[in-house]
Amino acid sequence: MNAAATTHPLRDSTTMVRRNLKRMVRYPSMTVQLIAMPILLLLLFVYVFGGTLGAGVGGPSGGRAEYINYMVPAILLITIATTVQGTAVSVAMDMTDGIIARFRTMNIARVSVLTGHVIGSLIQAFLSMAVVIGVALLIGFEPRASFGGWLALVGVLAAVAFALVWLTVAIGQTSQSVEAASSLPMPLMFLPFLGSGFVPTDSMPGGLRWFAEYQPFTPIMESIRALLMDNPVGDDLWIALTWCAGIALLGYVWAKKLYNRKT
Amino acid sequence: MNNAAQLAISVSGLRKSFGDKTVLDGIDLNVPQGTIFSLLGANGAGKTTTVKILSTLIAANGGRAEVAGHDVASDPDSVRAAIGVTGQFSAVDNLLTGEENLRMMADLNHLSKKDRKRRTADLLERFDLTEAARKPASTYSGGMRRRLDLAMTLVGNPRVIFLDEPTTGLDPRSRRGVWQIVRELVADGVTIFLTTQYLEEADELADRIAVLEDGRLVAEGTAEQLKRRIPGGHVLLQFSEPSGFQTAQRVLGQDAHSDGDALALRVPNDGSLHSLKALLDRLDHESIDVDTLSVHTPDLDDVFLALTGDSDNEKVIDR
């Protein structure tokens, strides 16, 4: 009773992160499915489309070798997108189970249930991206980033994952069922296609091209590409980080509001 | 509402509506410390809503509620620190083992490593889960899962425990196991707020019972007091033919509570020779063929049926 008013956000979050990591280990089919998707797309685009598309992306050699360097940023974003799809599913599983009611009636740091999901998913996203980059390296990906470039890259990817995870923690809470939760973040999977992820935006027709140039994933992918290839990033980095900050803030406020609702 | 310090739960004028549907329409309750209070009602009467408000899950639209001396609206964290809730739907993590579930609760209650180990082992032992401790909760039977659920609630040593239909869906043996645990808890000085739709359960456990009907309390008292509100018991008439059942229903319609599926009629009756004869004469007069007849002394079922309309909108016995 004496400790009624004090909460332990760090300790409670750690407990929740541990819970979420254990759940990922216990439910490996989901994790495997979430990593398999970007790897399949990587292989599909490199080996099936890469020979032709590579000619369109320019560069000295063209072809498949050039194309893989061009499209890895998109695959990394798709990896984050599939990971957060898993986040939405596990949040929805929590909400449909009675366990969340238990947490809500306990005197624990309120936000820890959500931060548990967020940090757990960030860890999962980075592990998945490491696997995807590993596969890409095996099939000919040749990044030219410096050590500082890699650090910056990790920072950008963390910002993107952080933003999208918070957004899907909110989305996961809005869905009435686990099935609905698994399909709601689908558009995130497609945004890299409707941007500069797989082909340069100047090859697209008018309206689509306008969308592709201004949607948030394009500056993000341009920044990642520039960092990987050790090219100057220019304004894209700041535009990308601003988008991430905005999405993260929106997702955080929305997720907290949904979690604290009392109707 | 005399001495607030002695009351574990005190509620006055509690109201809740969802949209234009009023679920709780001014509830008043007082539960002294160290007692079992049972809220009895049919599905949809507002039992779960009451528990949700008292356990800080949802906010009331009006009225006041204090749990363990703290206002649920203005000081929810202090309420949460004092309560444990076991809801109708199991609140265990199915992907974790029983032991991991309990350890998680120990961590969330900020126990030291040593206490965590002892508490987890104690509870596994007490709830007969030691053997299944390392298996995922998803593999547990309904009874085991409910025991784990209760054990998780107890990790934090709550002083007030809410049990929302704790035995719904359990087999009779598991149900008795839960009852035994509840009795032991109260012996330790814990206050229990129990909702149930089983009268037997309320009769068995509760010090005081309140009957909830359409968001209002229609009766409150000890099991004995409630039973006294019904002057006598009832006679159960069992028919073999629907025709006989229907005629009897028409003849006795004013007083009888009927169960059409079972072709049974429940007629209030004090069991005296005189009133039994009067009933038999009426049946005989209409030449109604009764299969079997049995005399029942009053139990809480009679109280419940007398005080509430049942879900099929059948005849309500008034009085």
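All values derive from a computational prediction rather than experimental measurement. (Residues numbered from 1 in each chain as written. Chains lettered and ligands numbered in written order. Predicted model: local features only at pLDDT ≥ 70, side-chain atom pairs only at ≥ 80, totals over all residues. Heavy atoms only, no water.)

## Thoughts on the nonpolar core
Counting 117 residues, the largest nonpolar core has I80(A), F103(A), I224(A) and I192(B) as its most contacted members. Element by element, the count of residues in this core is highest for helix α3 (residues 63-96) of chain A, at 15 residues. Once residues within four sequence positions are removed from consideration, I80(A) is found in contact with M129(A), L157(A), V160(A), A161(A) and L164(A). (Core = buried A, V, L, I, M, F, W, Y, C linked by side-chain atoms within 4.5 Å. Buried < 20%, exposed > 50% of the residue type's maximum accessible area, 1.4 Å probe, protein only. Helix = DSSP H or I, 4+ residues; strand = E, 2+ residues; numbered from the N terminus. Contact = heavy atoms within 4.5 Å.)

## A look at the layout of surface pockets
Volume-wise, the largest pocket comes out at about 900 Å³. Considering the residues around the largest pocket, the lining is formed by 28 residues, among which M95(A), A101(A), R104(A), K52(B) and L57(B) are closest to the centre. For the lining of the largest pocket, a count of residues per class yields 10 nonpolar, 12 polar and six charged. (1 Å grid on protein atoms, 1.4 Å probe; cavity = no way out; pocket = protein on both sides within 12 Å on 5 of 7 lines; lining within 4 Å. Points joined across faces, edges and corners; volume = space filled by probe spheres on them. Nonpolar A, V, L, I, M, F, W, Y, C, P; charged D, E, K, R; others polar.)

## Description of helix α5 (residues 112-138) of chain A
In this model, α5(A) (27 residues) spans 39 Å end to end at C-alpha, consistent with the 39 Å of a helix rising 1.5 Å per residue. One or two steps after α5(A), the chain reaches G140(A), where phi turns positive at roughly 110 degrees. (Expected span 1.5 Å × (residues − 1).)

## Observations concerning the UniProt feature "transmembrane region" (unreviewed entry) in chain A
The residues that UniProt annotates with the feature "transmembrane region" (unreviewed entry) are residues 27-50, 70-93, 114-141, 147-169, 181-199 and 237-255 of chain A. Helix makes up 42% of residues 181-199 of chain A and strand 0%, whereas the separation of the span's terminal C-alpha atoms amounts to 30 Å. (UniProt positions renumbered as here; feature names shortened; annotations may be inferred.)

## Description of the sheet that holds strand β9 (residues 208-213) of chain B
Residues and elements named next belong to chain B. Read from one edge to the other, the open sheet built from six strands follows the order β6-β7-β8-β3-β9-β10, with strand pairing classed as mixed. Lying at the two open borders of the sheet, with one neighbouring strand each, are β6 (83-86) and β10 (216-221). Here the average twist between neighbouring strands, direction ignored, is 15 degrees. Of the strand pairs in this sheet, strand β3 (residues 36-40) and β9 are connected by four bridges, and their pairing is parallel. For L40, the partnering residue across the bridge sits in β9 and is V211. With respect to the sheet, helix α5 (residues 142-154) is in contact with β6 and β7 (160-164), its orientation differing from that of β6 by roughly 170 degrees. (Pairing = 2+ DSSP bridges. Axes fitted to C-alpha atoms, helices over the stretch in contact; angles between N-to-C directions.)

## Observations regarding empty space enclosed by the protein
Residues and elements named next belong to chain A. Taken as a whole and judged by the stated rule, the model has two cavities of 30 Å³ or more. Contributing to the lining of the largest cavity are 13 residues, with R23, M24, M30, G86 and S90 lying nearest its centre. Going through the elements one at a time, α1 (9-26), α2 (28-56), α3 and α5 are the ones with two or more residues in the lining of the largest cavity. It is α3 that contributes the most residues to the lining of the largest cavity, four residues altogether. Looking at the lining of the largest cavity residue by residue, the class counts come to five nonpolar, seven polar and one charged. Counted as a void, the second largest cavity has a volume near 40 Å³. Every residue lining the second largest cavity is listed: V160, A163, L164, P216, F217, I220, C244 and I247. If you list the elements that add at least two residues to the lining of the second largest cavity, you get α6 (147-174), α10 (217-228) and α11 (236-260). By residue number, the principal contributor to the lining of the second largest cavity is α6, which donates three residues.

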